[in-house]
Structures are given as structure tokens and as C-alpha cells.
Amino acid sequence: MHVALRPRSGCLVLCLCLSVFTLLLQTLWVPLETTLEEPAGRSPEERGQRGLGLRRLALRLEALSTQVQRLSGGRGGAARPGGDDLSRMLRSFRLDQRGLTRSVEKQLRRVSQRLEQLSRLSRTASHDLRPHAGPEEKCEVPADRAYPLCAEKVEFLRARWHTDPCYAFYGVDGTTCSILTYLSLTEDFCPLRLGGNHSVPPWRRKPHSDPGKAEVRTSLSPLYEVISSSSGPAVDFIRSRVGRMSERWTRAALRMRQSSNETFPTQMRVLLYPGALAGSVGRRFEALVDRGGPLGELVQWADLGACLTILGHNLTFSTSRRLLHRSLSLHAEYYVCAAHTKHVFDLWSEKINVCCDTSLIGAAPGRGSCPIQRPLTFDLIYTDYHGLAHLHGAMGMAFPHYQCRFRILDSFGTEPAFNLRSYARSRGYETLWGSWGLQPLQYLTMFPHTPDNSFLGFVSEEAAREDSYRKERIAVIYGKQDYMWQGKSEYVKAISDEMETHATVYQPPGLASNLPGFIRNHGLLTQERFVQLLRRAKVFVGLGFPYEGPAPIEAIALGCVFLQPRLHPPHSADNNDFYKGKPTSRKVSSQHPYAEEFIGKPHVWTVDVTNRTDVREAARAILLTQVKPFTPPEFTCEGMLERLRGYIAHQNFCSKSAPTWPPESALRMHLGPLGQSCVSVCRRSSLVCEPALFHHLNGPAAFARLSIGCSSMGREANHLFPSYSPWGRHCALQQEPLLFSCAGSDPSHRRLCPCRAHLPGQVALCPDCL
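What to know about the overall build of the protein chain
Then comes step 1: Assigned secondary structure in the protein chain consists of 25 helices and 22 strands.
Then comes step 2: Within the protein chain, the fraction of its 770 residues that count as buried is 48%.
Then comes step 3: Intrachain contacts of the protein chain at a sequence separation of at least 6 include 72% that bridge at least 24 residues.
Then comes step 4: When the accessible surface of the protein chain is summed, it comes to about 37400 Å², and 53% of that surface belongs to carbon and sulfur atoms.

Pasting the structure below:
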């Protein structure tokens, strides 16, 4: 039958068809990548949306039916042409929808039945390999003094075992027998049943391995192999940087191999897991890489991977949160990962393969309430705060057992007062990023601004040998996004009056530039082209933000002078949104404190940007100053290799004994004045504070060596201790080793500080450290 429709009726039919088609797609299509990328943490509301798909379809069709009925009625009671045809067509759609609904429901019931059968087979296969109660055996909770928490844990799992699929994965089905079996074999909270001998849970056993020796490599080929499986703008940047700097790493490796006469250390199995590139956070980060987003962390990850490769260690690199968990896929074939099982079943003429453990850390499927299934195979895990949260969610109760192996890349540092959760909460130091309770030296910073942490750093660019040191009258502004320029127009204008001014600001397609007309904007440049621009430029101009990035160090290494704003008052969590919530009390007096304090003039000039006269005079003086490229030794390949080799060889956070590195011979004990931190006290003597030496000062003998007479002495958990209070002549000792802190000051305390010397151009290492 041919139906003649008016244009308006035709549009309505078209809209109706598109609506039905769209709703069908929303109902039936579940993106695989979403389900795999977020193994845990999906809200009940999100899960419920899938079950509402068919209901939404029916409601939408009902609404469209009402709309057509209104259109079918004529204006003032006259029939509208085409309305009856539309009604008939709509009824046909409704009949099709009912049939579709019945078909989908039938298929869902079929899939549900198959999944239930799979689940029973999985539990049966894993259950057969462990001791368990017979069908009529009754299990009683044992009263064993060696396991005081057993009864409490049993009651907890009786009520909560169904809240995380990992319990069912380990065979818990809600019965007391299954719970006791799990708590004895997996969590070690209850004694073994049936008179079995006590054994260590699998995740606490030492893996059987024969590690080799870490011999210095002269090639980065192993690193290319481990990062080849990852992709995206961020990983592409890492890969590009590694390739561009490979010759420098090779030369440094050859020099290290020639100068090293010591025996080779044990080869470490190392996981590199930049959590900021994983999951939903990673997708947001990736979107910013090509739009002027932060690249400093990527520079550090690239250089860390290259450094570990040259040092001869065995690397694994991953940016997938999904790979922390066991993978379970349901497609044309059904795959079931059942613990301790290697059987192959044949069901419904379709394969059910029991897959091997494909996760990086052996995490059980679920929400992280259970421990991992096997011993952690990595000796070291380098990650960041995002990755730390991912690992915690995947490892469950095994996390504290292995947290001594973590190393956290933390650009801005974590001070001890923010690190210990109970202390931070009671003293007002709790923030979004702190409270993990690690050893403060496990946090690795980009610059040596927080002595309580370990300085990891990166490798700076270097001037080519053929470069002449004659520079053009060019200034390059440090700021890749529009918002960084806000409020700086007078400052930039004063500089542009003296020299040609260039920028590398990201310019969205189709949008007009907000930069002043006298600025020559190149847009975002590749690292190679950016380096070429800096080789021509005389001045690299900071706008006040971003803080403490690698670019100023690289510009200085390429022969530029870095001109930066003085921050008055200093920026901190008290007055600056960027630092609010960060686990540090530092007060930043300039955009780049390291450049100001450790390099200084003539390479670094710090000015009051609100005073145009000072800015103009500084620009003129810089133009008259001949400056050669300069790279601090700690930002060279050799410097980073030397530093990281020392950390891996000597930092052992899994030991229960007091640290022995740096050696006690490096200690220079100082009693600071009232109201000064140990960071300031040591720096005044051209030394650095060394938190690993605090335990040598935490006793009466230290006060006696300083000829301090204590009328009273006590121990307390306080990040200012050990210290001396002149009022009452009270000597305070530290009760909690995690609170030994170089940071922190108080007007009523004179802090007892462990200072040490450092190698020239290598703040992290002392003369006795190597």
C-alpha cells in the first residue's frame, strides 16, 4: 500500500523511526571497553540503567502514540490528513516492540541460566582442590587464642560475603564451612580445619625465582619492547622522548660500565604503572596532552624507564587498570577463570576454557576486598597517587604486606605530617592525597624541595656541541594555555619593549587568539621544534605558573636565561588554590624555587612583575650578559643513573630495623633556633636534612652531645620531635618513626636536626653514600 504523507507527517515518521532505532541501540549495546576498564566501583544507579532500557522504549513509544493522536485530531475538530496512517504505522511499531521485548527477555533468561551453570562449574572445580566439609558436615567456629579475630571475621563474612564477587571466586557461598575454609587458607584469620598443619597464605609466600645480575646495558631495546604494547598520546610522547635521548643514555652507560669496578647487584623485577594514564583519569589526561596539558610527569616516566633499563633491571610497563585484575570475557565463547583449575569443559556444544592468571599482580575479580591469589612477582612497583589507589583497590588485605615495595612519583612532595592517617586526622593535616602511611622516602619528587622524600628528578636537554652561544634578541614565554597569561599583560609588554616575544600557546581550531597582538604565537610545538626555538632565544620568561616544571631547567641547559616572577606573599595551601589539598606545607617564593636557590644568577633572575621598571631593567641587563649553557650534574644521565642506583641498592623499606644508609658517619647534628624547620637549619650551614639519620638523634645521648640539660624527657607522636623546649627545659623524643620530619616548625621548639653534606651538584647523595 502506498501512503501519501504531507511533509510534516513525513518528518514525524522519520523522527519516530530514529527514536526507536536509537533506543534499541541504547538498550542492547553495552560497550565492552567500559565494562573491562572499570572492574569495580560502578554505582547501583549505573547498573540499574541497563535494566530500564526496555521500559524506556515502551514509555517513549507511548509518548509518541499520544503525540500522533493529537496530530490526528483536526484543528477545531477537523481530521488532519495522514493522521490515521500514522496511527496504523505506530500500532505496527508497538507490535514489533512487544515481539522484540519478548525476544530480548528470552535471550536474557538463556544467558542468565548459562552464566549460573558456569558459576556452579567454576566453584565446583576450585572447591575440589581444597579441603572442605562434606554435604552433611557441620562446621563450628573454633575458639583458638592464636586466632582471636576468627569469630569476628566469620560473622562479618556471613553478613557481607555477597557484597564482593571475590569471595565467591574463592569458594565462599555463605555457609560457615566455606567461610572458615576461606579465612584459614586465604586470609589466615582462622586455624586450618581437619587438623591440617598451618601454612602461609599463597599471597604471602616468596615466589620461586632465580634473579640474575643487573649488568649495565648500552641499549634501550628492552624498554622499547615493554612500551610497544601501549598506545595513546601520552605513551607516544614517552616513546618519542626515549628515542630522541637514546644516544645520550648509551654514552652514559658506556662511561658507567668503564668506571664501575664493583660487583653487579641483583636484577630487580620492576613494574612501571603510571596510574594517571589509566582508567577514566587517564582518558582525561590523554585528552590534554595535545592541548597544552602538563608533560612534566611524562618526562619523568620516560627518563625513569630509560634509567632502569640501562641499570640492567627487568621492566614491565602498563597503563591499563584492567590488567591489575583477572580478565573475564564473555563473547562467542565463554571463558571462566577459576582459581587453581586447569580443566576444559564442554557445555551446550560451546567451549568453556579455564584461562590462566593474566593479571599483573594476581588480583581476584571483584572490588578488592580479598587478597591477591599469588605472591607479588615484582620487587619494585613505581606508580603515582592514582596508581596507588588502583593497587590498593585490587590487592585488598595484601596491600599492607607489599606496600614497602612501592615507589610513588610525587612531583610536589608528601610531608610526614600528612602521611600518617591517624595523625593527620587528629592534627588537621588530612588532605585528598596523603594518609597512605608509607615511609616518606618512598615518595619520589621531581626536584629536591622536600628532603623527607627521595629526589628522583629527570634528565635535562643539553646544548648541541656545534651550538654557538650567540643568541638572538628573542624571548619565549613559558605558558602553553590562555589562562596562564591572565593578569600578566603589563609584565609581558615590558619584556616585549626590549625584545621580540614568542609564545607556544595551544590555539583551538576556529577560535580567535586572546594573546596580545605583539606576541608571535607558534602554537603547540613538538619537543624537537621547541628545543630549536629555545636554542635561538635569549630569555625564557615565566608567568608564575606552572610551578616547578622541567622546562626552565631545560631552557637554562640550552643557554637561555630564565626570568621568573617573585611570589609575594609566598604561595602555599593557605592562600593558593593549586596547593590546597596537597600534602605539603611548603611556601613557594617564586615560580621555580630550585632554579632560584640552586642555580641563581646569571642563569636565573627573579623579579617583582608588578614593577615594570624592575622588569625592564632586568630584561636590559640580561641582554648585556653573556651566559653559557648550564646543566646541574644531578639533571644529567650520569647523575640520574648514579642516584637511582644508590636508591635501589641501599633503600630497603621492607626491613624492620632502622635504616643504615646513609651511614652514621655522614651525620652532622644541629640544634636549630626557635621556630625553624630542619630544612632551614641545615640549609643555613650549606647542608641538607637527612631523615634516615633521625633515629641516631632520638635518645638522651644526642641531647648530652649538644650539652643540653633536660629537666624532663618524654616520648610523643609529633612531627616536630625530637626537639628541645627552653620553657621548662623539656626534651621531647619521637614515638612514631613515620613522623620523623625535616619539615615543620614551631615558635616554642628548637628542633634537633640530622644534617649531612652532599656531593657537588648531587643533593641526594653524600660523600660517604657510595
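This is not the end of the story, as more comes after the structure.
Overview of the side chain of Thr-431
Then comes step 1: Here Thr-431 is to be found in the loop between helix H17 (421–427) and strand S8 (443–445).
Then comes step 2: Judged by relative accessible area, Thr-431 falls into the buried class, the value being 18%.
Then comes step 3: Within the structure, the side chain of Thr-431 is placed 3.4 Å from the backbone oxygen of Gly-581, a separation counted as a polar contact.
Then comes step 4: Once residues within four sequence positions are removed from consideration, Thr-431 is found in contact with Phe-418, Gly-581, Lys-582 and Pro-583.

Looking at helix H8 (residues 176–185)
Then comes step 1: When you tally the buried positions in H8, you get nine out of ten residues, the bulk of the element.
Then comes step 2: Along H8, the residues that are buried comprise Thr-176, Cys-177, Ser-178, Ile-179, Leu-180, Thr-181, Tyr-182, Leu-183 and Ser-184.
Then comes step 3: Residues of H8 that are buried in the fold lie against helix H6 (150–160) and helix H7 (165–169).

Observations regarding the packing of aromatic side chains
Then comes step 1: Throughout the structure, instances matching the rule amount to 29 aromatic pairs.
Then comes step 2: Here the aromatic rings of Tyr-547 and Tyr-579 are separated by 5.1 Å at their centres, their planes lie at 50 degrees, and the arrangement is tilted. Remark: Tyr-579 occurs in the loop between strand S14 (561–571) and strand S15 (588–590) and Tyr-547 occurs in the loop between strand S13 (539–542) and helix H20 (551–557); sequence separation between them is 32 residues. Like Tyr-547, the residue Tyr-579 is buried in the burial classification.
Then comes step 3: Counting every residue linked through ring pairs, the aromatic cluster contains Phe-412, Tyr-483, Phe-545, Tyr-547, Phe-578 and Tyr-579.

Describing the packing of helix H13 (residues 296–310) against helix H23 (residues 637–650)
Then comes step 1: For the pair H13 and H23, interaxial distance at closest approach is 10 Å and the crossing angle is 70 degrees. The orientation of H13 relative to H23 falls into the category roughly perpendicular. Judged by residue contacts, Asp-303, Leu-304, Cys-307, Leu-308 and Ile-310 of H13 engage Met-640, Leu-641, Leu-644 and Ile-648 from H23.
Then comes step 2: Looking at the contact of H13 with H23 residue by residue, the class counts come to eight nonpolar, no polar and one charged.

Comments concerning the side chain of Ser-496
Then comes step 1: Within the secondary structure, Ser-496 is located in helix H18 (residues 489–496).
Then comes step 2: What makes Ser-496 buried here is its relative accessible area of 17%.
Then comes step 3: Side-chain polar atoms of Ser-496 contact the backbone oxygen of Lys-493, separated by 2.8 Å.
Then comes step 4: The residues touching Ser-496, leaving out its near neighbours within four places in the chain, are Thr-501 and Phe-518.

Observations regarding the sheet that holds strand S6 (residues 380–383)
Then comes step 1: Read across the sheet, six strands follow the order S2-S1-S6-S7-S8-S9 without closing on themselves; strand pairing throughout is parallel. The open sheet is flanked by strand S2 (314–317) and strand S9 (454–455), the only strands paired with a single partner.
Then comes step 2: Helix H14 (residues 385–395) rests against strand S1 (269–273), S6, strand S7 (406–409) and S8 of the sheet, and its axis sits at about 145 degrees to S7.

A few points about the packing of helix H10 (residues 233–244) against H13
Then comes step 1: It is the contact of H10 with H13, at a shortest axis distance of 9 Å, that shows an interaxial angle of 50 degrees. The angle between H10 and H13 places the two elements in the oblique class. Judged by the twist between their axes, the crossing of H10 over H13 is right-handed. Counted together, Ala-234, Phe-237, Ile-238, Arg-241 and Val-242 of H10 and Leu-298, Val-299, Trp-301, Ala-302 and Asp-303 of H13 form the full contact between these two elements.
Then comes step 2: By residue class, the composition of the contact of H10 with H13 is eight nonpolar, no polar and two charged.

Focus: unusual backbone geometry
Then comes step 1: Look at the link from Phe-545 to Pro-546: it is a cis peptide, with omega at 10 degrees.
Then comes step 2: Its location among the elements puts Pro-546 in the loop between S13 and H20.
Then comes step 3: Put simply, Trp-661 and Pro-662 share a cis peptide bond, and its omega is 0 degrees.
Then comes step 4: Position of Pro-662 among the secondary structure elements: in the loop between H23 and strand S17 (668–674).
Then comes step 5: Phi is positive for Asp-188, close to 65 degrees, though the residue is something other than glycine.
Then comes step 6: Relative to the assigned elements, Asp-188 resides in the loop between H8 and helix H9 (221–227).
Then comes step 7: The residue Ser-435 is not glycine, and still its phi comes out positive at about 70 degrees.
Then comes step 8: Structurally, Ser-435 can be placed in the loop between H17 and S8.
Then comes step 9: The exposure class of Ser-435 is buried, given its relative accessible area of 4%.

Remarks on the state of the cysteines
Then comes step 1: If you walk through the whole model with that rule in mind, you get nine disulfides.
Then comes step 2: Residue Cys-139 pairs covalently with Cys-177 via a disulfide, S to S 1.8 Å. Here the S-S torsion is close to 100 degrees, and the disulfide linking Cys-139 with Cys-177 is therefore right-handed. Of this pair, Cys-139 sits in the loop between helix H5 (83–127) and H6 while Cys-177 sits in helix H8, and the two are 38 residues apart along the sequence.
Then comes step 3: Looking at Cys-139, the relative accessible area reads 17%, which means it is buried.
Then comes step 4: Sulfur-sulfur distance for the disulfide between Cys-766 and Cys-769 comes to 2.0 Å. Where Cys-766 bonds to Cys-769 through sulfur, the torsion about that S-S bond is close to 105 degrees, and the disulfide is right-handed.
Then comes step 5: Overall, the relative accessible area of 2% leaves Cys-766 in the buried class.

A short note on the pattern of salt bridges
Then comes step 1: Under the definition given, this model contains 25 salt bridges.
Then comes step 2: We note a salt bridge from Arg-244 to Glu-461, for which the minimum N-O separation is 2.5 Å. Residue Arg-244 is located in helix H10, and its partner Glu-461 is located in the loop between S9 and strand S10 (474–478); the two are separated by 217 residues in the primary sequence.
Then comes step 3: The closest approach of N and O atoms between Arg-244 and Glu-528, which form a salt bridge, is 3.6 Å. Remark: Glu-528 occurs in helix H19 (residues 527–536) and Arg-244 occurs in helix H10; sequence separation between them is 284 residues.
Then comes step 4: Residue Glu-528 is classed as partly exposed on the basis of its relative accessible area, which comes to 36%.
Then comes step 5: Here the salt bridges share partners, and the residues they tie into one network are Glu-490, Lys-493, Asp-497, Glu-498, Arg-612, Arg-616 and Arg-620.

Brief notes about the pairing of strand S11 (residues 500–503)
Then comes step 1: Across three bridges, S10 lies against S11 in parallel orientation. Each bridged residue has a counterpart across the sheet, and for Val-476 the counterpart in S11 is His-502.
Then comes step 2: Judged from the two bridges that link them, S11 and strand S12 (residues 520–521) form a sheet pairing that is parallel. Along S12, the bridge assignment pairs Ala-503 with Asn-521.

How each quantity is defined
- One numbering rule holds for all chains: residues counted from 1, following each sequence as written.
- Two thresholds apply to this predicted model, a pLDDT of at least 70 for residue-level local features and 80 or more for giving and counting side-chain atom pairs, whereas whole-chain, interface and lining totals are computed over all residues.
- Side-chain numbers here rest on the full set of heavy atoms in the structure, without hydrogens or water.
- A helix here means a DSSP run of H or I that spans at least four residues, while a strand means a run of E at least two residues long, and both kinds are numbered starting from the N terminus.
- For every residue, the accessible area obtained with a 1.4 Å probe (protein chains only) is divided by the maximum for its type, and the residue is called buried under 20%, exposed over 50%, and partly exposed between those limits.
- Any two residues whose heavy atoms approach within 4.5 Å at even a single point are treated as in contact.
- Shrake-Rupley sampling with a 1.4 Å probe provides the accessible areas, and residues are treated as covered by the protein chains on show and by no other component.
- Distance and chemistry together define a polar contact, namely a pair of N or O atoms within 3.5 Å, with one atom able to donate a hydrogen and the other to accept it when in protein, and with adjacent residues in sequence counting only for side-chain atoms on both sides.
- When the centres of two rings from Phe, Tyr and Trp lie within 6.5 Å, Trp using its six-membered ring, the rings pair. Their planes under 30 degrees apart give stacked, over 60 give edge-to-face, and anything left gives tilted.
- Only the stretch in contact is used when a helix axis is fitted, and all axes are lines through C-alpha atoms; the angle between N-to-C directions ranges over 0 to 180 degrees.
- For classification purposes, angles smaller than 35 degrees are called roughly parallel, those larger than 145 roughly antiparallel, those between 65 and 115 roughly perpendicular, and all remaining angles oblique.
- Polarity classes work like this: nonpolar for Ala, Val, Leu, Ile, Met, Phe, Trp, Tyr, Cys and Pro, charged for Asp, Glu, Lys and Arg, and polar for all others, with Gly in that last group.
- In this description, strands pair whenever DSSP reports at least two bridges between them.
- What makes a crossing left-handed is the near helix being turned counterclockwise from the far one by less than a right angle; a clockwise turn instead makes it right-handed.
- When the sulfur atoms of two cysteines come within 2.5 Å, that pair is taken as a disulfide.
- Think of a salt bridge as a Lys or Arg side-chain nitrogen and an Asp or Glu carboxyl oxygen that are within 4 Å of each other.

Read these as layout, nothing more, since geometry by itself doesn't imply function.
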